[in-house]
Amino acid sequence: MMNASTAIKAEARNLDFFYSNGMRALKGINMPLHENKITALIGPSGCGKSTFLRCFNRMHDLYPGNKYQGQIVMHPDNTNILEHGVDPIEVRMRISMVFQKPNPFPKTIYENVAYGLRVRDEKNKRTIDDKVEEALKGAALWNEVKDRLQDLAFNLSGGQQQRLCIARALATDPEIMLFDEPTSALDPIATANIEELMSELKEKLTILVVTHNMQQAARVSDYTAYMYLGELMEYGDTNQIFTRPTRKETEDYITGKFG
Amino acid sequence: MTTEMKASVLKNLDAVRAMIRRHKRNDILFAAIGLIALMLGLLTLLTLFVDLVMDGYPRFNLKFFSDFPSRRAGEAGLLSAWVGSALVMLVTFLTAVPVGVAAGLYLEEYAPKNWFSDLIEINVSNLAGVPSIIYGLLALGLFVYGFGFGQSILTAGLTLGLLILPIVIVSTREAIRGIPVAIREAAYAVGATKWQVVSDHVVKYSQGGILTGVIIGMSRAIGETAPIITIGALTFIAFLPPSPVSDIAPYLNFEWLHSSFTVLPIQMFNWLSRPDHAFHINAAAAGAIIIVLTLLMNGTAIYLRYKIRKNIKW
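Residues numbered from 1 in each chain as written. Chains lettered and ligands numbered in written order. Predicted model: local features only at pLDDT ≥ 70, side-chain atom pairs only at ≥ 80, totals over all residues.

Draft legend 1. Layout of the overall build of chain B. Tallying secondary structure elements over chain B gives 11 helices and 0 strands in all. Along chain B, helices (α) and strands (β) appear in the sequence α-α-α-α-α-α-α-α-α-α-α when read from the amino end. A compact globule built from 314 residues would reach a C-alpha radius of gyration of about 20 Å, whereas chain B, at 27 Å, exceeds it by more than 25%. The dimensions of chain B, computed from C-alpha atoms along their principal axes, are 100 × 65 × 35 Å. Expressed as a percentage of the 314 residues in chain B, the buried residues total 35%. Long-range pairs, those at least 24 residues apart, make up 78% of the contacts in chain B between residues at least 6 apart in sequence. (Helix = DSSP H or I, 4+ residues; strand = E, 2+ residues; numbered from the N terminus. Rg over C-alpha atoms; globule rule 2.2 N^0.38 Å. Buried ≥ 20, exposed ≤ 12 C-beta atoms within 10 Å, placed from the backbone. Contact = placed C-beta atoms within 7 Å.)

Take a look at the structure:
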């Protein structure tokens, strides 16, 4: 499944990242995100994959002292989203995120999904209603919650909560969606649901996912990047990475000899 | 297993059991000490309260609440004192809550974290421990003479507001800190600004904790005597301040702010300082009422916190 012809949605160019304590967590990363494809980031704990993911929506800006160097360029507008003049809020309006642990707001199911629209000053109730329904359908949750949209989100199961978080991220029509180990807190059935959902979602948007689960990367992703100690060791077509890795380190990690 | 080995196992087991028994003696010992320590505090308080109730019970009737102070102990009541307390508390609430919550929110959410904000933090915590009479002196110089508010309800309310401000700020900050990072990040991740995160999430989810702090501060303020004496409320008052609400437009008036006044603990102090024993009964009754009020306020705080927290699980 080589897809050399697909467009590039975003790419990291010589990306370095420094935490406020001076630690250099990313070292000169160059990597593309192909449009309407799923790119998986794998690697041992502490290798910088979550750090890399969180550069894409400028999450690091929430904590003082963190520093980016290099670029992440988004297409087709060629905006370097790490540039000082670019407001992180603008970036987050275009790139949404699903976290490791389901983190719904202590609000109703409806309000959770509608929040992104409210932030965007959407006042029309009909529009919000439609968008909420569309997002919940897109997150394969609509049938389970359509009769209890006014229930508190905490009353849902863990897997449902995570799909609710996906619906929340989906309601605002993002161009890219980031998943930070989205299934690590879920049971196998809920995990399978989320994976299936991700494969459906890539029709509409571009996905970058961090995962600890090698099988998951092999199952859902089109491209895979192996990171180690803040460096991108190998990047390529998922089939190639898992069957014919070019580097010894990648092979050792994938086969479980290391990590 | 040989019989010899069996015997040694059993002997070991006996030793282990003896050791466990010995260790458990410490459990019992500490439980006993802890219980005594707890009772020491509780029983003293209870005795005090029962004593006040027993002394003051002849005065527990509606008339006690609807009579002005009088030269005759049997006819003296709390009317001007409780109305004064209520109005002073209103001013305290209306000033300390917005200022304290805004300050707490700013410190926690907006202020850069550096040595200066650390300095402010230490000072706010210290202010909570400053003796209340100091606040009285400050108020005397600033509100009574400096701003010319006089010995009024406004001055008393502002003074007590200042007194409980650190409590409100500290409890606001603690309530805000209880909100998980994941919830904030979730809100930022959909594109919210700082103010949207604060107003849509932080304030809402920390309401319970903030409210608790406010009520605990208020129940401290209602019993405060020293600063109120300092600003000159120790007077015999046989009239009520003008009513804050009226039946003619604009329905609200603010003359009461400038009225002189007395409050419950001052009234109690006043009665207690009289030589006639009959007045001491009044004082005991007033004391019991202040304690009940404080208990009620703290009880409300606990109930409200429980009710608000019920819908929030992290």
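Draft legend 2. Molecular detail of the overall build of chain A. A tally of helices and strands in chain A yields 10 helices and 10 strands. For 259 residues, the compact-globule estimate of 2.2 N^0.38 gives 18 Å, and the C-alpha radius of gyration of chain A, at 18 Å, lies within 12% of that figure. Structurally, chain A occupies a C-alpha span of about 55 × 40 × 40 Å along its principal axes. Relative to its full complement of 259 residues, chain A shows a buried share of 46%. Considering only residue pairs separated by 6 or more positions, chain A has 69% of its internal contacts joining residues 24 or more positions apart.

Draft legend 3. Representation of the domain arrangement of chain B. Residues and elements named next belong to chain B. Assigned domains within chain B: domain 1 (3-57) and domain 2 (60-309). The C-alpha centroid of domain 2 is placed 41 Å from the C-alpha centroid of domain 1. Taken together, the 6 residues of domain 1 in the interface contact 7 residues of domain 2. Residues belonging to the side of domain 1 that touches domain 2 are distributed by class as follows: 4 nonpolar, 1 polar and 1 charged. (Domains from an automatic or database assignment. Nonpolar A, V, L, I, M, F, W, Y, C, P; charged D, E, K, R; others polar.)

Draft legend 4. Quick look at the sheet that holds strand 5 (residues 79-80) of chain A. Residue and element names in this part refer to chain A. Within the open sheet, the 4 strands sit side by side as 2-1-4-5. Their pairing is antiparallel. In this open sheet, the two edge strands, each paired with only one partner strand, are strand 2 (24-34) and strand 5. Relative to strand 5, strand 4 (residues 67-74) runs antiparallel, the two being bridged by 2 bridges. Within the sheet, the bridge partner assigned to M74 lies in strand 5 and is T79. (Pairing = 2+ DSSP bridges.)

Draft legend 5. Spatial organisation of the sheet that holds strand 8 (residues 206-210) of chain A. All names here are of chain A. Here we have 6 strands laid out as an open sheet, ordered 6-7-8-3-9-10, and mixed in their pairing. The open sheet has two edge strands, strand 6 (95-98) and strand 10 (231-237), and neither has a second partner. Between one strand and the next, the sheet's axes are offset by a mean angle of 20°, whatever the strand orientation. Pairing analysis gives 4 bridges linking strand 3 (residues 38-42) to strand 8, with the strands arranged parallel. Its bridge partner being in strand 8, T39 is matched across the sheet by L208. Lying over the sheet, helix 6 (residues 158-170) contacts strand 6 and strand 7 (176-180), oriented at roughly 175° with respect to strand 6. (Axes fitted to C-alpha atoms, helices over the stretch in contact; angles between N-to-C directions.)

Draft legend 6. Examining the nonpolar core more closely. V98, A167 and L178 of chain A together with V88, I164, V168 and A286 of chain B are the most contacted members of the largest nonpolar core, which has 139 residues in total. Here this core takes 15 residues from helix 6 (residues 153-177) of chain B, the largest share from any one element. In this structure L178 of chain A touches L53, F56, N57, I95, M97, V98 and L208 of chain A, once residues within four positions along its chain are discounted. (Core = buried A, V, L, I, M, F, W, Y, C linked by C-beta atoms within 7 Å.)

Draft legend 7. Region of interest: the interface of chain B and chain A. Taken together, the 18 residues of chain B in the interface contact 22 residues of chain A. At the level of elements, helix 7 (181-189) and helix 8 (194-223) of chain B are the ones that each hand at least two residues to the side of chain B that touches chain A. Tallying contributions element by element places helix 7 of chain B first for the side of chain B that touches chain A, with 6 residues. Residues belonging to the side of chain B that touches chain A are distributed by class as follows: 10 nonpolar, 5 polar and 3 charged.

Draft legend 8. Region of the structure containing the packing of helix 6 of chain B against helix 8 of chain B. Residue and element names in this part refer to chain B. Interaxial distance between helix 6 and helix 8 falls to 8 Å at its minimum, and their mutual angle equals 150°. When the axis of helix 6 is compared with that of helix 8, the two are roughly antiparallel. You can see that helix 6 and helix 8 cross each other, and the crossing is right-handed. Where helix 6 abuts helix 8, its residues L160, L163, I164, I167, V168, S171, T172, E174, A175 and I176 lie against V202, S206, G209, I210, T212, G213, V214, I216, G217, M218, R220 and A221. A class-by-class count of the residues in the contact of helix 6 with helix 8 yields 13 nonpolar, 7 polar and 2 charged. (Parallel < 35°, antiparallel > 145°, perpendicular 65-115°, else oblique. Left-handed = near helix turned anticlockwise from the far one by under 90°.)

Draft legend 9. Broad picture of the environment of T225 of chain B. Residues and elements named next belong to chain B. Looking at where T225 falls in the secondary structure, it is placed in the loop between helix 8 and helix 9 (226-230). Classification of T225 as partly exposed rests on a count of 18 C-beta atoms within 10 Å. Residues T225 and I266, 41 residues apart in the sequence, show an inter-C-alpha distance of 6.1 Å. If sequence neighbours within four positions are ignored, T225 has contacts with P265, I266 and F269.

Draft legend 10. Representation of the confidence of the model for chain B in the model. All names here are of chain B. Confidence in the prediction of chain B, expressed as mean pLDDT, is 88, and 98% of residues score 70 or more. Considering each helix and strand of chain B separately, the mean pLDDT is smallest for helix 2 (residues 62-66), with a value of 83, and largest for helix 7, with 94. Two summary scores accompany this predicted model of the complex, namely pTM at 0.82 and ipTM at 0.92. (pLDDT = per-residue confidence, 0-100.)

Draft legend 11. Structural view of the pairing of strand 4 of chain A. All names here are of chain A. One ladder, built from 7 bridges, connects strand 1 (residues 8-18) with strand 4; its direction is antiparallel. Bridge pairing in strand 4 places F17 opposite Y68. Linking strand 4 to strand 5, which pair antiparallel, is a turn of 4 residues; within it N78 sits at a positive phi near 55°.

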